[in-house]
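# Examining the three-dimensional arrangement
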Amino acid sequence: MKRRVSIGLAVVLVLAVVGVIIWGRGDGAAQGGDLTTVRGTIGSEKQAFFTDRRVVDAFARHGLKVEVDTAGSRQIATSVDLGKYAFAFPSSSPAAQKIQRDRKVTTVYTPFQSPMAVASFEPIVALLRANGLVHKGAGDYDVLDIAKYLDLAKAGTRWDQLPGSTAYPARKNVLVTTTDPRESNSAAMYLSIVSFVANGNAVVSTPEQEAKVLPPVSKLFLDQGYTQNSTEGPFEDYLSAGMGKTPLALIYESQFVDRVVRGDGSIRPDMRLLYTAPTVYSKHTLVPLTPDGDKVGQLLSTDPELGKLAATFGFRTTDPKLFAEVAAPAHVPADLVDAVEPPSFETLERLLDAVGKQY
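Note that the structure is predicted; figures quoted are calculated from it, not measured.

Of note, the bond from A277 into P278 is cis; its omega dihedral lies within 30 degrees of zero at 10°. By secondary structure assignment, the location of P278 is in the loop between β8 (271–277) and β9 (279–288). Here N201, not a glycine, exhibits a phi torsion of approximately 60°, which is positive. When you line up the elements, N201 lands in the loop between α8 (185–198) and α9 (207–222). Positive phi, close to 55°, is recorded for H331, a residue that is not glycine. Examined against the element boundaries, H331 turns out to sit in the loop between α14 (320–326) and β11 (339–340).

Rendered as structure tokens:
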């Protein structure tokens, strides 16, 4: 009898072990055991999206394990070895166009985009409004008039020289805090905006126009002193150090919306989002370099789950309804009418290099 019980227990134990092994293998497959690894190089502002567990799982359901390395958009277009990647995903269309042209790629995807904006505070916005620099856009949102801002910056006007500046009597120039134009895509987008206005509201496209706009746009960068190489830097200063250090910070709209949607308390009641008039959209453009890279581009552009997840990170997606639903707490406009295109990659590079040589 004891022998039969022992044999029975042994059989049960063996079956249990086999079951655990089979179950474990099945779970491993579900988590990525049989996935195709696809590697890409991306702008750093998308890293949090690609490493989010929900996004990883969404790609896994399509049989993909997407791994990414980060680099600046200029670096992706000029110095990164793209031979080891299945896709390149810079944060600007000029950089993507250069990659597309150099690699002779016929199809690209633009699943995300984000307009450039200025993070500020209610006392600053009120002061600028009183001095004619801020007004309402085509909808219920505030815009910073870049033409009037350029006039103020050209004159070297300080905050404490603005009429009614009791709320912010700072003895420093009225300047938007940006990133380093030698390093950062957001600085390149800012240069696109200010050069357009300085060129008489036209995209810079000739050497003569480059020479014309260089002095006023260079001053906007050089007068800031030290600048950081990633937009996360000035945005974190804005969130933590407040109005005293960073009254106006150039950011991607997606950064502000991401924090509002996250609901972590970092966006306080007195914080405001201004749009530049005009603005430029930072168009996150994926250039597929292999068939697997093309599949990533297709999924990011068409998969509703991935689209909704992108919206939770503040990105405007190919489906405007997804962004509108997710971004509703941030009260951002559905459309921005006053938007212009950046210069060509070559023109932008020459301007950025010319500014950089003055540091």
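Past the structure itself, the notes keep going.
Tracing the chain through its elements places S192 in helix α8. In this structure S192 touches V280, P342, P343 and L348, once residues within four positions along its chain are discounted.

Mean pLDDT over the protein chain: 90, with 91% of residues reaching 70 or higher. Segment residues 9–32: pLDDT under 50, and 4 contacts once partners within four positions in sequence are set aside and those in other chains are kept.

Attention now goes to the packing of aromatic side chains. Under the counting rule described, the total for this entry stands at 13 aromatic pairs. Taking the centre distance of 5.2 Å and the plane angle of 85° together, the rings of F49 and F50 count as edge-to-face. For the pair formed by F49 and F50, the shared burial category is buried. One aromatic cluster is present, built from ring pairs that chain together F49, F50, F59, F87, F89, F112, F313 and F315. Cation over ring: R182 sits above Y359, and NZ or CZ is 4.0 Å from the ring centre.

Moving on to the environment of K104. With respect to the helices, strands and loops of the structure, K104 is situated in the loop between α5 (93–103) and β4 (109–121). Between the C-alpha atom of K104 and that of P342, which follows or precedes it by 238 residues, the distance is 22 Å.

What follows is about the environment of V174. Inspection of the secondary structure assignment puts V174 in the loop between α7 (146–154) and α8. For V174, a relative accessible area of 1% translates into the label buried. Separated by 16 residues in the primary sequence, V174 and R158 have C-alpha atoms spaced 5.4 Å apart.

There is about 570 Å³ of room inside the largest pocket. Lining the largest pocket are 31 residues; nearest its centre among them are S44, E45, Q47, E232 and Q255. Counting only elements with at least two residues in the lining of the largest pocket, the list comes to α2 (47–51), α4 (73–78), α10 (232–240) and α11 (253–262). For the lining of the largest pocket, the element with the highest residue contribution is α11, accounting for 6 residues. Residue composition of the lining of the largest pocket, by class: 8 nonpolar, 16 polar and 7 charged.

What follows concerns the nonpolar core. When a protein is soluble and globular, its nonpolar side chains tend to lie buried together. Within the largest apolar cluster, 70 residues are counted, with the highest numbers of intra-cluster contacts made by L128, L144, W159 and Y238. The leading source of residues in this core is α8, at 10 residues. Contacts of W159, omitting those with residues within four sequence positions, involve I124, L127, L128, S165, Y168, A170, K172, N173, V174, L175, P247 and L248.

Next up on the list: α7. The set of residues buried in α7 consists of I146, Y149, L150, L152 and A153. Down the axis, α7 shows its buried residues gathered within 160° of arc, on one side only. Exposed residues lying more than 90 degrees from the buried face of α7 are D151 and K154. Residues of α7 that are buried in the fold lie against β6 (142–145), α8, α9 and β8. The backbone nitrogen of A147 has a side-chain oxygen 3.1 Å away, supplied by the residue at the start of α7, namely D145. The positive-phi residue at the C-terminal boundary of α7 is G156, with phi of around 70°.

Criteria and thresholds
- Residues numbered from 1 in each chain as written.
- Predicted model: local features only at pLDDT ≥ 70, side-chain atom pairs only at ≥ 80, totals over all residues.
- Heavy atoms only, no water.
- Helix = DSSP H or I, 4+ residues; strand = E, 2+ residues; numbered from the N terminus.
- Contact = heavy atoms within 4.5 Å.
- pLDDT = per-residue confidence, 0-100.
- Phe/Tyr/Trp six-rings, centres within 6.5 Å; stacked < 30°, edge-to-face > 60°.
- Buried < 20%, exposed > 50% of the residue type's maximum accessible area, 1.4 Å probe, protein only.
- Lys NZ or Arg CZ within 6 Å of the ring centre and 35° of its normal.
- 1 Å grid on protein atoms, 1.4 Å probe; cavity = no way out; pocket = protein on both sides within 12 Å on 5 of 7 lines; lining within 4 Å.
- Points joined across faces, edges and corners; volume = space filled by probe spheres on them.
- Nonpolar A, V, L, I, M, F, W, Y, C, P; charged D, E, K, R; others polar.
- Core = buried A, V, L, I, M, F, W, Y, C linked by side-chain atoms within 4.5 Å.
- Arc of directions from axis to C-beta.
- Polar contact = N/O pair within 3.5 Å; in protein donor to acceptor, adjacent residues only side chain to side chain.

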